[in-house]
Amino acid sequence: MPNQNGRVFGLTFLCPILDDETLQISHDLQIRDYLATLPTDERSPFALAPGTHVARLVVMDDVIYVGMPAHEEHLASKYLVFETNTDADLPGYLRTLFDAIPQHIDAVWSHCTGYPGTADFDKLLAYMKACQIPTTFFFAAVNDKSVTETLLALQTQRAVAEFITTHQGMAPAQLQREFLEFYQALQSLPCPAAGGKLPRRVIKTGGHNE
Amino acid sequence: MSKLNATDVQGFVLRGYNMPHARFCFLHFQNAAAGRHLVAQLLGSITTGQLWDNGKPQSTLNIAFTFKGLTALELPLATLISFPDEFQQGMKDRASILGDIGKNSPEHWDALWRGADIHAWVAIHALTPETLEAQFAQLNAIISATGNIHLLGSQDAAALVIDGKLSTKEHFGYTDGFGNPDYLGVCRNTQPGQGKLLPDGTWAPLATGELLLGYADEAGELPVAPVPHILAANGTFMVYRKLHENVGTFRAFLDEWGARYGAGDAAAKEKLASKFIGRWQDGTPIELSPDAPDPSIVADPNRNTDFKFGNDLSGSRCPVGAHVRRVHPRDAFGFNGKLVDRRRITRRGMPYGPQVDPTTPQDPATLDSTDRGVVFMALNASLSRQFEFVQQQWISYGNDAHLGNEKDLLLGTHLPGEKFSIQGDTNPANPPLFCANLPNFVELRGGDYFFLPSITALAMIAMELVDPR
Ligand code: HEM
């Protein structure tokens, strides 16, 4: 099934960017500028839009032909690429974005050709459908659990590990008592915010150990 | 594969010399002519990979260069910039990738590694202290006669003596020197567990290009190498790291957590120590013998490296985060072990510093502050793909092993709040244990990346014949 893997949806869009030579700063540069300043923690627009596993926005200027013999090829326009793994299909997820972060959608997509704005949901849906590319094999960021399930599972894993380190070796009766207390407390903890601070990982990623 | 010319490869690359004494000398060239002259003078004495069918020599000599060294030797610019960028940068500039932070960061390294640039590593291995000194005296004579070469410092290393016998132990008490890859054309006979796993469960030598430049690697490609080809071929890259061991900290930690493991007695402590590494201190792989050391396995080359983790995914025999399982996961990640074939390194390390005297008790602080540890040396065709990957992803991170942020217990640079988990054992007396408040057992005191050229390449360097065109 395209765009879906288990319970997770992979949605991909290619939206042509407006070309206006009269502008001092072109539309693609304005998108880049806006994206570069967005927070990436729990204030990220996509952390505020429930059901987002990962989201990626890329400005694609052109394609570069790699191979022999070299020859020139060009795209008809610049594109905004939007890729995301979500818990909902296109109408459902778009509704979430529409409700949670309309100002960001406007700020980004108002630089795109044919963008109808966020006044009318159905028009927006029709626009996104027109830009969508069916994905049959997409980057799946998760193991078929919802964002909420994943956040809760990580919280539970950390809490249980912490509980074990502080309680291992305790007399069984006391351990059981304290575990029940711990379990109750854990049940009543709210789901952690998406995009929140994870334990610090100081080591830098990269190198290029392909 | 074309036949390997062992006489063109430095012997240190093709085999561990198994000599009990070593001195690593670090040189600085005042100018290129002096450096070239030195290489020319040493060339005839460099130990090659030729087999020692007529007995071991008394001592050996090998040489390698840092990128700064090759620059000081005035190799052509087109050649210099063709070296892989991690080698050009050197170990200090890779600190954030290697996890060399806090006490391990370059500003805390030994003076030798913070002073004038190290250009060359000249290694002497010897059978006795006397033959070591004799070889060193010769080297010194050549250095003085050449002029304009500074011996910045040297590092001695020596096998530990246990019960009057030479051993392959390191200062924490573990026996080392088992696991090392076999490569096509390099080893006369291969040992199960050393090369790569085949789908039928047997082992075969790794492609030569995982060790030597100029040969096809496991991807069927020539490794990234400098130009011209003849400069690179039969050469390799070496990682040198002086790893200080905090023996007092290690012992105190083992006492503390050993008391909380299983029966909390001496046997439990010994078992716990084996869980950190994945081998009992005598070397028995715990994957093969989880309940007790077995000297018959240790003594048998057909068994002492022949194990897999595929049937122990829960880590009940060998913990998922044990050192040997991290650095050589074998089939632990599935796909018949295919995922690890390009992440193998050849180790040539040796212990340094005074042996802990078992007869006189010492306080942990003194045990820690004594200058002792492991001179870790590893060889690989690609520093970034092999050594750096192992260090970054498998020692300093746990994701591939489904261990999240957990690090190697002994090697990781631990931050407050980190833990090390030992899965429940096959023996019900040993339920899972989560070690917390992890101290830092090993500290980096200096190191760099070196290029170990072939004999031909050394001659070209000496004669100023390196031509990238
Ligand atoms: C003080 C530092 C270290 C100590 C005490 C240490 C100790 C050991 C011991 C006891 C073994 C088991 C014996 C054997 O299989 O030969 C071993 C194996 C090994 N270690 Fe380390 N090690 C240290 C640092 C490192 C580092 C920094 C790396 C890599 C970046 C590394 C990579 C390996 C590899 C690849 C093996 C062989 C595993 C196998 O093939 O099964 N070690 N080490």
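Residues numbered from 1 in each chain as written. Chains lettered and ligands numbered in written order. Predicted model: local features only at pLDDT ≥ 70, side-chain atom pairs only at ≥ 80, totals over all residues. Heavy atoms only, no water.

## Some remarks on the packing of helix α3 (residues 90–100) of chain A against helix α4 (residues 102–109) of chain A
All names here are of chain A. The line we're drawing: Note on definitions: angles span 0 to 180 degrees between N-to-C directions of axes, and those axes are lines fitted to C-alpha atoms, for helices only across the stretch in contact. Here a helix means four or more residues in a row that DSSP labels H or I, a strand means two or more in a row labelled E, and each is numbered from the N terminus. If an angle is under 35 degrees, it is roughly parallel; if it is over 145, roughly antiparallel; if it lies from 65 to 115, roughly perpendicular; otherwise it is oblique. Contact between two residues is taken to exist if any of their heavy atoms lie within 4.5 Å; hydrogens are not considered. In this count, Pro and Cys sit with the nonpolar residues alongside Ala, Val, Leu, Ile, Met, Phe, Trp and Tyr, while Asp, Glu, Lys and Arg are called charged and the others, Gly among them, polar.
Contact geometry of α3 with α4 gives a least axis separation of 5 Å together with a crossing angle of 100°. By the angle between their axes, α3 is roughly perpendicular relative to α4. Taking contact as the criterion, the partners of Leu97, Phe98, Asp99 and Ala100 in α3 are, on α4, Pro102, Gln103 and Ile105. By residue class, the composition of the contact of α3 with α4 is five nonpolar, one polar and one charged.

## Overview of the site of the ligand
Residue and element names in this part refer to chain B. Our working definition: One heavy atom within 4 Å of a molecule or strand makes the whole residue count as near it. N or O atoms within 3.5 Å of each other form a polar contact, as long as, within protein, one can give a hydrogen and the other can take it, and as long as residues adjacent in sequence are counted only when both atoms are side-chain atoms.
The local shell around the ligand holds 25 residues, among which Phe178, His323, His328, Arg330 and Arg347 are the closest. Between glycine 177 and the ligand, the recorded distance is 3.2 Å, taken from a backbone N or O atom to an oxygen atom. Within the side chain of histidine 328, one N or O atom sits 2.9 Å away from an oxygen atom of the ligand. Listing elements by their share of the shell around the ligand, those giving two or more residues are β9 (236–245), α13 (323–327), β12 (373–380) and α15 (383–395). Residues belonging to the shell around the ligand are distributed by class as follows: 13 nonpolar, six polar and six charged.

## Description of the side chain of His171(B)
All names here are of chain B. We apply this condition: For each residue, the accessible area found with a 1.4 Å probe, counting protein chains only, is set against the maximum for its type, and the residue is called buried under 20%, exposed over 50%, and partly exposed in between.
With respect to the secondary-structure elements, histidine 171 resides in the loop between β6 (165–166) and β7 (196–197). On the accessibility criterion, histidine 171 (5% relative accessible area) is buried. Sequence-distant contacts of histidine 171, that is, excluding residues within four places in its chain, are made with Leu160, Glu245, Val247, Pro351, Tyr352, Gly353, Pro354, Gln355, Arg372 and Gly373.

## Considerations on the domain arrangement of chain A
In many reports, interface size means the accessible area that the parts give up when they come together. All names here are of chain A. Definition in use: Domain delimitation in this document rests on an assignment produced automatically or drawn from a domain database. We define buried area as the total accessible area lost by two parts upon association, computed with a 1.4 Å probe and summed across both. Salt bridge, as applied in this entry: a Lys or Arg side-chain nitrogen positioned within 4 Å of an Asp or Glu carboxyl oxygen.
Domain boundaries assigned for chain A yield domain 1 (4–133) and domain 2 (147–209). Buried surface at the junction of domain 1 and domain 2, both sides included, amounts to about 550 Å², of which 47% is carbon and sulfur. The shortest N-O distance in the salt bridge between glutamate 149 and arginine 7 comes to 3.1 Å. The tally of links between domain 1 and domain 2 comes to three residue pairs in polar contact (both at pLDDT 80 or more). Looking at side-chain class alone, the side of domain 1 that touches domain 2 contains one nonpolar, three polar and four charged residues.

## Considering the nonpolar core
Test applied: Nonpolar cores are built from buried Ala, Val, Leu, Ile, Met, Phe, Trp, Tyr and Cys residues. Side-chain atoms within 4.5 Å join them into one set.
By size, the foremost hydrophobic cluster in this structure holds 110 residues, and its most contacted members are Phe24(B), Phe65(B), Leu70(B), Trp121(B), Tyr240(B) and Phe276(B). Counting residues domain by domain, this core receives three or more from each of domain 1 (6–161 + 208–241 + 450–462) and domain 2 (246–446) of chain B. In this structure, Phe13(A), Val59(A), Tyr93(A) and Phe98(A) belong to the second largest nonpolar core, which totals 31 residues.

## Comments concerning the coordination of the iron atom of the ligand
In a perfect tetrahedron of four donors around a metal, the angles come out at 109.5 degrees. In a perfect octahedron of six, they are 90 or 180 degrees. Filter applied, for reference: Donors, by definition, are the N, O and S atoms found within 2.8 Å of a metal, the threshold being 3.2 Å for Na, K and Ca, and water is not counted, so a site can look incomplete.
Counting protein donors around the iron atom of the ligand gives one, His323(B) (NE2), at 2.1 Å. Considering the arrangement of structural elements, one finds His323(B) in helix α13.

## Describing α15(B)
Residue and element names in this part refer to chain B. Note the following rule: Each residue after the first adds 1.5 Å to the expected span of a helix. We define the bend at any residue as the angle between the axes fitted to the seven residues before and including it, ending there, and the seven starting there.
For α15, which comprises 13 residues, the first-to-last C-alpha distance of 15 Å sits more than 12% below the rise-based estimate of 18 Å (1.5 Å per residue). Its maximal kink placed at phenylalanine 389, α15 deviates by approximately 45°. Extensive coverage of α15 is indicated by the burial of 13 of its 13 residues.

## Regarding the side chain of Arg343(B)
Assignment of secondary structure puts Arg343(B) in the loop between α13 and β10 (346–347). Within the structure, the side chain of Arg343(B) is placed 3.0 Å from the backbone oxygen of Arg385(B), a separation counted as a polar contact.

## Some thoughts on the packing of aromatic side chains
All names here are of chain B. The condition that has to hold: Pairing of aromatic side chains here covers Phe, Tyr and the six-membered ring of Trp, requires ring centres within 6.5 Å, and sorts the geometry by plane angle: under 30 degrees stacked, over 60 edge-to-face, intermediate tilted.
Summed over the entire model, instances satisfying the criterion amount to 37 aromatic pairs over all chains. Taken together, a centroid distance of 6.1 Å and an interplanar angle of 10° make the contact between phenylalanine 24 and tryptophan 121 stacked. Taken as a pair, phenylalanine 24 in strand β1 (residues 21–29) and tryptophan 121 in strand β3 (residues 120–126) lie far apart in primary sequence, 97 residues in all. Take phenylalanine 24 and tryptophan 121: they sit in the same class, and that class is buried.

## What to know about a nonpolar patch on the surface
Residue and element names in this part refer to chain A. The line we're drawing: Any residue with relative accessible area above 30% and no salt bridge may belong to a patch, with like charges joined within 9 Å and the nonpolar Val, Leu, Ile, Met, Phe, Trp and Tyr side chains within 5 Å. Under the convention used here, a 1.4 Å probe and the Shrake-Rupley method define accessible areas, while residue burial counts only the protein chains that appear.
Together, Phe179, Leu180 and Tyr183 line one region of the surface with nonpolar side chains, adding up to about 290 Å² of accessible area. Here phenylalanine 179 is to be found in helix α7 (residues 172–187). Its relative accessible area of 37% is what places phenylalanine 179 among the partly exposed residues.

## Quick word on the pattern of salt bridges
All told, the structure shown has 32 salt bridges over all chains when counted by the stated rule. With a shortest N-O distance of 2.5 Å, Lys242(B) and Asp110(B) are connected by a salt bridge. Pair noted here: Lys242(B) is in strand β9 and Asp110(B) is in the loop between α6 (95–98) and α7 (111–114), with a separation of 132 residues, a long-range link. Owing to a relative accessible area of 3%, Lys242(B) belongs among the buried residues under this scheme. Across the salt bridge formed by Asp217(B) and Arg385(B), the nearest N and O atoms sit 3.6 Å from each other. Of this pair, Asp217(B) sits in the loop between β8 (203–204) and α9 (229–232) while Arg385(B) sits in helix α15, and the two are 168 residues apart along the sequence. Using a relative accessible area of 3% as the deciding quantity, one classes Arg385(B) as buried. By sharing partners, the salt bridges in this structure join Asp28(A), Arg32(A), Asp61(A) and Lys78(A) into a single network.

## A few points about the packing of α3(A) against helix α5 (residues 121–131) of chain A
Residue and element names in this part refer to chain A. Heads up, the condition is: Should the near helix be turned counterclockwise from the far one by less than a right angle, the crossing is left-handed, whereas a clockwise turn marks it as right-handed.
Here α3 crosses α5 at 125°, and the two axes come no closer than 10 Å. With respect to α5, the element α3 is oriented oblique. Both α3 and α5 take part in a crossing whose hand is right-handed. Judged by residue contacts, Leu90, Pro91, Leu94, Arg95 and Phe98 of α3 engage Phe121, Leu124, Leu125, Met128 and Lys129 from α5.

## Description of the environment of Val63(A)
All names here are of chain A. Turning to its location among the elements, valine 63 is positioned in the loop between β3 (52–60) and β4 (79–86). For valine 63, a relative accessible area of 33% corresponds to the partly exposed category. Separated by 40 residues in sequence, valine 63 and leucine 23 have C-alpha atoms that sit 23 Å apart. The residues touching valine 63, leaving out its near neighbours within four places in the chain, are Glu73 and Leu75.

## Quick look at helix α6 (residues 147–167) of chain A
Residues and elements named next belong to chain A. In this model, α6 (21 residues) spans 30 Å end to end at C-alpha, consistent with the 30 Å of a helix rising 1.5 Å per residue. Buried within α6 we find Val147, Leu151, Gln155, Ala159, Ala161, Phe163, Thr165 and His167. Trailing α6 by a residue or two, glycine 169 shows a phi angle of about 85°, which is positive.

## Focus on the state of the cysteines
Residues and elements named next belong to chain A. Put simply, the rule is: The term disulfide is used for any two cysteine sulfur atoms that are within 2.5 Å.
Applying the stated criterion to the full structure yields zero disulfides over all chains. Unpaired in this structure, cysteine 131 has its nearest cysteine sulfur neighbour in cysteine 15, at a distance of 3.8 Å. Since its relative accessible area comes to 8%, cysteine 131 is described here as buried.

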